[in-house]
Amino acid sequence: MKKLLGVLLAFLMCCVPIGIQAEEEVLSFEYTGQEIGIERTKLYHYIDDDIYTSEAPMDCGRYQAIYSDGSYIDYEITPKVVHVNVRYNKDWRQGDSEENRYLCEYDGDYEFKLDSYVNGDFKAVDYNDNYKFEFEPKNKNDVEIVKTTITHPDVEYVYTGSDIVIESKVDSISPIAFKNVGEYIVSFNVDTNYYESIPFKVTILPKTVQLRLNKYQKYVGEKDPVLETEDYILTREVGEDIGNYKLNVKSKSRNYKYEIIENDMFTILENKAQQIKPEVTNQPSNDEKKEPLQSVNVSNKDKNKSADASDKNTNINNETKVDKESTKTETKVVTGVTNFTLMYYLMMVSSISMVIYILIKKRNVKS
């Protein structure tokens, strides 16, 4: 029994140091692109290629560093791990190269071709085994498909009569055309596989047209004149008494807005007969025209007494005209009297001559 325990203790004392030594000397190094050697090593054994050389290895693989006393240590060079973030290329379109469908982001300067296995896992091709590319996400089915977002700010225009065209910044996307006044929520017509158009608002305001109206009026009791055209309808304030009534305008088309800037009042005048009567009364009759000295001046005086301040200039002109006519008429009358006196004188002279002639003739007969 004592011998058995001694053998067991000797075995443990021998095995434990060997195990510790093996664990300490089995080394691993990450690929750096430079030779990786072990100090005091005289020979290197490339295990994978079964080659012995004095040059320290550089590439990935399993190696033995052999010392001068024949002892050795195992070690390996592992591939450098490159973390690659994969995202969808939103500018990729059907027909483009498949390798351009995804974009890779990583630290360092590496040129490799991205490909995938049958199961969809990504892999790097055309690159040596000294690098190990780890992709995130690992499978192409887990890559989020990002679409190109088409945006446009809200816009406002004034109606022009022609199409108002709104362009996107992508040549392959058709523009949107508007014409009539209104408020629209729109988005571009896009291929939803690649684009996402964000809705925006387009406002088209009516064009303002300024109106310079003719004077609209009527006499009391008459019907209103036509207050409608092809383009707009005029309405006035309610009322039929003499005075002015505000005019309003309503467009027949939503594309135009009308604004009255001149003659925006509808006027109701006094009855025609009432307005014309004073003018007829003040005009001289045919008899008065024949005797201007007796009637015209008198009527003008009456006018001057009853005229308003606004009619003074008119009355002055009428008086001047009447005075001139009166002067002409008086001249004619005086001239008529003068002609009558001359005829009377001639008749008297003729009568006296006849009497003298008769007397002389009788006297001669008696003799």
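For clarity, every value in this text was computed on a predicted model and none was experimentally measured.

Trainee: It is not clear to me how the side chain of S197 should be interpreted in this structure. Could you clarify?
Mentor: Of note, S197 is situated in strand β16 (residues 195-197). On the accessibility criterion, S197 (13% relative accessible area) is buried. Residues within four places of S197 in sequence aside, it is in contact with I150, S187, F188 and V190.

Trainee: Would you mind showing me how to read the packing of aromatic side chains here?
Mentor: How two aromatic rings sit relative to each other is set out by the distance from centre to centre and by the angle between their planes. With the rule as written, the count across this model stands at 22 aromatic pairs. For the pair Y46 and Y63, a centre-to-centre distance of 4.9 Å together with 80° between the ring planes defines the contact as edge-to-face. Placement of the pair is Y46 in strand β2 (residues 43-46) and Y63 in strand β4 (residues 61-66), with a sequence separation of 17 residues. For Y46, a relative accessible area of 17% gives the class buried. Put simply, the rings of Y31, Y88, Y102, Y106, Y110, F112, F122, Y127, Y131, F133 and F135 pair up and form one aromatic cluster.

Trainee: What am I meant to see in the environment of Y75 here?
Mentor: Mapped onto the fold, Y75 is located in strand β5 (residues 72-78). For Y75, the contacting residues outside a window of four places in its chain are L27, F29, I36, G37, I38, Y44, P57, G61, R62, Y63, Q64 and A65. Within polar-contact distance, the side chain of Y75 engages the backbone oxygen of I36 at 3.1 Å.

Trainee: Whenever I open this one, the pattern of salt bridges confuses me. Can you help?
Mentor: Oppositely charged side chains may form a pair once their charged atoms are brought near each other. Summed over the entire model, instances satisfying the criterion amount to 11 salt bridges. Two residues, K252 and E228, come together in a salt bridge whose shortest N-O distance is 2.7 Å. One end of the pair, K252, is in the loop between β21 (243-251) and β22 (256-262); the other, E228, is in the loop between β19 (216-219) and β20 (232-236), with 24 residues separating them in the sequence. Classification of E228 as partly exposed rests on a relative accessible area of 44%. Salt bridges linked by common partners bring K218, D224, R236 and E240 together as one network.

Trainee: Teacher, can you tell me more about the sheet that holds strand β15 (residues 182-186) here?
Mentor: What the three strands build is an open sheet, ordered β12-β17-β15; its pairing is mixed. What marks the edges here is a single partner per strand, and that holds for β12 (155-158) and β15. Ignoring strand direction, the axes of neighbouring strands in this sheet form an average angle of 20°. Pairing analysis gives four bridges linking β12 to strand β17 (residues 200-205), with the strands arranged parallel. Across the sheet, the residue bridging to V155 is V202, located in β17.

Trainee: I tried to follow the sheet that holds strand β10 (residues 131-136) on my own but got confused; where do I start?
Mentor: Strands belonging to one sheet form pairs held by backbone hydrogen bonds; the direction of such a pair is parallel or antiparallel. Strand order in the open sheet made by the three strands is β7-β6-β10, with mixed pairing throughout. Of all strands in the sheet, those with a lone pairing partner are β7 (102-105) and β10, marking the two edges. This sheet shows a mean twist of 35° between the axes of neighbouring strands, independent of strand direction. Across four bridges, strand β6 (residues 80-88) lies against β7 in antiparallel orientation. Note on β7: the bridge partner recorded for Y88 is Y102.

The rules behind these values
- Residues numbered from 1 in each chain as written.
- Predicted model: local features only at pLDDT ≥ 70, side-chain atom pairs only at ≥ 80, totals over all residues.
- Heavy atoms only, no water.
- Helix = DSSP H or I, 4+ residues; strand = E, 2+ residues; numbered from the N terminus.
- Buried < 20%, exposed > 50% of the residue type's maximum accessible area, 1.4 Å probe, protein only.
- Contact = heavy atoms within 4.5 Å.
- Phe/Tyr/Trp six-rings, centres within 6.5 Å; stacked < 30°, edge-to-face > 60°.
- Polar contact = N/O pair within 3.5 Å; in protein donor to acceptor, adjacent residues only side chain to side chain.
- Salt bridge = Lys/Arg side-chain N within 4 Å of Asp/Glu carboxyl O.
- Pairing = 2+ DSSP bridges.
- Axes fitted to C-alpha atoms, helices over the stretch in contact; angles between N-to-C directions.

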